[in-house]
Amino acid sequence: MTPLRFTCQDVDELAGALAIGAVDADEARAAREHLATCPEPHAELRSLIGADAVLAAGLEPIEPSAGLRDRLMRSAEAAPR
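Residues numbered from 1 in each chain as written. Predicted model: local features only at pLDDT ≥ 70, side-chain atom pairs only at ≥ 80, totals over all residues. Heavy atoms only, no water.

(A) Molecular detail of the environment of Leu48. Examined against the element boundaries, Leu48 turns out to sit in helix 4 (residues 43-48). For Leu48 and Ala17, which are 31 residues apart along the polypeptide, the C-alpha to C-alpha distance reads 9.7 Å. Setting aside residues up to four positions removed in sequence, Leu48 forms contacts with Ala15, Gly16 and Ala19. (Helix = DSSP H or I, 4+ residues; strand = E, 2+ residues; numbered from the N terminus. Contact = heavy atoms within 4.5 Å.)

(B) Spotlight on the pattern of salt bridges. Under the definition given, this model contains two salt bridges. Of the charged contacts, one joins Arg29 and Glu33 as a salt bridge, the two residues approaching to 2.8 Å between their closest N and O atoms. Placement of the pair is Arg29 and Glu33 together in helix 3 (residues 25-37), with a separation of four residues, close to one helical turn. Note that Arg69 is salt-bridged to Glu63, the shortest N-O span being 2.8 Å. The exposure class of Arg69 is partly exposed, given its relative accessible area of 33%. (Salt bridge = Lys/Arg side-chain N within 4 Å of Asp/Glu carboxyl O. Buried < 20%, exposed > 50% of the residue type's maximum accessible area, 1.4 Å probe, protein only.)

(C) Representation of the side chain of His42. Note on placement: His42 falls in the loop between helix 3 and helix 4. Polar side-chain contacts of His42 include one of 2.7 Å to the side chain of Asp12. Setting aside its immediate chain neighbours within four residues, His42 contacts Cys8, Val11, Asp12, His34 and Leu35. (Polar contact = N/O pair within 3.5 Å; in protein donor to acceptor, adjacent residues only side chain to side chain.)

(D) How the structure looks around the side chain of His34. Counting through the fold element by element, His34 comes out in helix 3. By relative accessible area, which is 12% here, His34 ends up buried. Discounting chain neighbours no more than four positions away, the residues touching His34 are Phe6, Thr7, Cys8, Val11 and His42.

Structure follows, in structure tokens:
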């Protein structure tokens, strides 16, 4: 499989998702590689980096219902490793 290679447009379009970690491992790698070598500032993405931590810190932790917890545990157990 050919590794993903991102353009400036790709990185800019995915800025929000990249900033909160809502991309898969290949997309995250391609974005990091692009940012490491690109002369463009990608200011929007760079301003959003860390937003996931800020958003998470602002949330009140909740205890999931027993049914939800059980479904999540079954899904995790069934997932391929």
